[in-house]
Amino acid sequence: MIIIIDASTLINLVNGEVLLRVFHLPGTRFLISGMVVDESKTIASVVKGAIKAGFLDLLDGEIISMSDFTKAKAELNLGDGETECILAAEAIPCHFACDDRAARNCAKKRLDSAKVMGSIGLLQMTVKAAVLRSDEAMAAYTKMIAHGGYLPPLPSDHFNEFAGLDCLRSQT
C-alpha cells in the first residue's frame, strides 16, 4: 500500500509521538509532496530525518502538470499541499492521509473514499497490525488533541475494537 501524507496528519502524528511507529506499518510506503514539505515548517527536522532514514519518500513532482494543478487549485479551493496530494493520489493511484476536513471531503469525491484517511485511520491500522497497542493509540490521539489537533471525539475504548484483528484473520 502507498499512502501520500499531508502536513496536517504529519503534524498530528508528531504531536502524538507516534510518527515513526506509523512508518513501521508492514507493507506500507509513505510519500510526501514537495509542497507538503514546505508546509511542514514546524516539524521540518522530523520530516527531513524521516526522508533521510528512508521512512518517507519524496513524490516525483513531474507526475502533476502545472496546468492540472492550477485547474484543481481553483476547483477545489484548498491549500497547495492538499491539492498536490489529491492529484498525486489520483495519478499514482494511492491512498491519501489528511486531517483537514475540507480536503478529505474533496478527496472522497475524486478518489475511492476507502482510500482517504487521517491520523485516526492510521492509528487504527497500526493497532490492527500490532505496531501499537490500543492504549498507545488512544494516548497518541489524546496528545494530538492536547496539541491543538482538530479531531472528532472518540470513546476511550475506540481502538480496542481493532486490536488483534490481523491475528484473527490469519487464523481463519
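Above: the structure in question.
So, here's what we can say about the structure. Keep in mind that this is a model prediction, so the values were computed, not measured.

### Some points on the sheet that holds strand 4 (residues 95–97)
Move 1: The parallel open sheet is built from five strands, whose spatial order is 3-2-1-4-5. This sheet does not close on itself; its edge strands, each paired only once, are strand 3 (56–58) and strand 5 (116–117).
Move 2: Where strand 2 (residues 29–32) and strand 3 come together, three bridges link them in parallel fashion. Bridge assignment links I32 to a residue of strand 3, and that residue is L58.

### A short note on helix 9 (residues 134–146)
Move 1: Across its 13 residues, helix 9 extends 18 Å between first and last C-alpha, which sits within 8% of the 18 Å expected from 1.5 Å per residue.
Move 2: Those residues of helix 9 that sit buried are S134, A137, M138, A140, Y141 and M144. For helix 9, the angular spread of buried residues about the axis comes to 160 degrees, placing them on one side.
Move 3: For helix 9, the elements touching its buried residues are helix 1 (7–15) and helix 8 (119–128).
Move 4: Taken from the residues just after helix 9, G148 is the one with a positive phi, measuring 100 degrees.

### Comments concerning the pairing of strand 1 (residues 2–5)
Move 1: The pairing of strand 1 with strand 2 spans three bridges and is classified as parallel. Paired with I4 across the bridge in strand 2 is L31.
Move 2: Of the pairings in the sheet, the one linking strand 1 to strand 4 comprises three bridges and is parallel in character. When the bridges of strand 4 are listed, I5 appears paired with A97.

### Looking at the layout of surface pockets
Move 1: Within this model, the largest pocket holds a volume of roughly 360 Å³.
Move 2: Looking at the largest pocket, it is lined by 16 residues, and the ones nearest its centre are D99, R101, R104, Y150 and P152.
Move 3: Secondary-structure elements contributing two or more residues to the lining of the largest pocket are helix 7 (101–110), strand 5 and helix 8.
Move 4: For the lining of the largest pocket, the per-class residue count stands at six nonpolar, five polar and five charged.

### Overview of the environment of N15
Move 1: Positionally, N15 belongs in helix 1.
Move 2: Here N15 is in contact with K143 and H147, once residues within four sequence places are set aside.

### Concerning the packing of helix 5 (residues 66–76) against helix 6 (residues 80–91)
Move 1: The contact between helix 5 and helix 6 brings their axes to 10 Å, and the two run at 115 degrees. Judged by the sense of rotation from one axis to the other, the crossing of helix 5 with helix 6 is right-handed. Facing helix 5, whose interface residues are D68, F69, A72, K73 and L76, helix 6 presents D80, T83, E84, I86 and L87.
Move 2: Residues belonging to the contact of helix 5 with helix 6 are distributed by class as follows: five nonpolar, one polar and four charged.

What counts and what doesn't
Throughout this document, residue positions are counted from 1 along each chain, in the order its sequence is written. Whole-chain, interface and lining totals are the exception, using all residues; otherwise, since this is a predicted model, local features are given only for residues with pLDDT of at least 70 and side-chain atom pairs are given and counted only at 80 or more. Side-chain figures throughout are based on the complete set of non-hydrogen atoms in the structure, without hydrogens or water. By the convention used here, strands pair only if DSSP detects at least 2 bridges between them. For the purposes of this entry, the term helix denotes a DSSP run of H or I that reaches at least four residues, the term strand denotes a run of E that reaches at least two, and both are numbered from the N terminus. The span you would expect from a helix comes to 1.5 Å times its residue count less one. Three labels apply to residues, based on accessible area from a 1.4 Å probe with only protein chains included: buried if under 20% of the type maximum, exposed if over 50%, partly exposed otherwise in between. Directions are taken from the helix axis to each C-beta atom, and the arc is the one they span. Contact between two residues is taken to exist if any of their heavy atoms lie within 4.5 Å; hydrogens are not considered. Lining residues are defined by having an atom within 4 Å of a point belonging to a cavity or pocket. Those points lie on a 1 Å grid over the protein atoms alone, cavities being sets where a 1.4 Å probe fits but cannot get out and pockets being open sets with protein on both sides within 12 Å along at least five of seven lines. Grid points are joined across faces, edges and corners, and a volume is the space filled by probe spheres set on the points. Residue type decides the class: Asp, Glu, Lys and Arg count as charged, Ala, Val, Leu, Ile, Met, Phe, Trp, Tyr, Cys and Pro as nonpolar, and the leftover types, Gly among them, as polar. To define axes, lines are fitted to C-alpha atoms, for helices over the stretch in contact only, and angles between the resulting N-to-C directions are given on a 0 to 180 degree scale. By definition, turning the near helix anticlockwise from the far helix through less than a right angle yields a left-handed crossing, and turning it clockwise yields a right-handed one.

Geometric descriptors of this kind do not, in isolation, establish any biological role.
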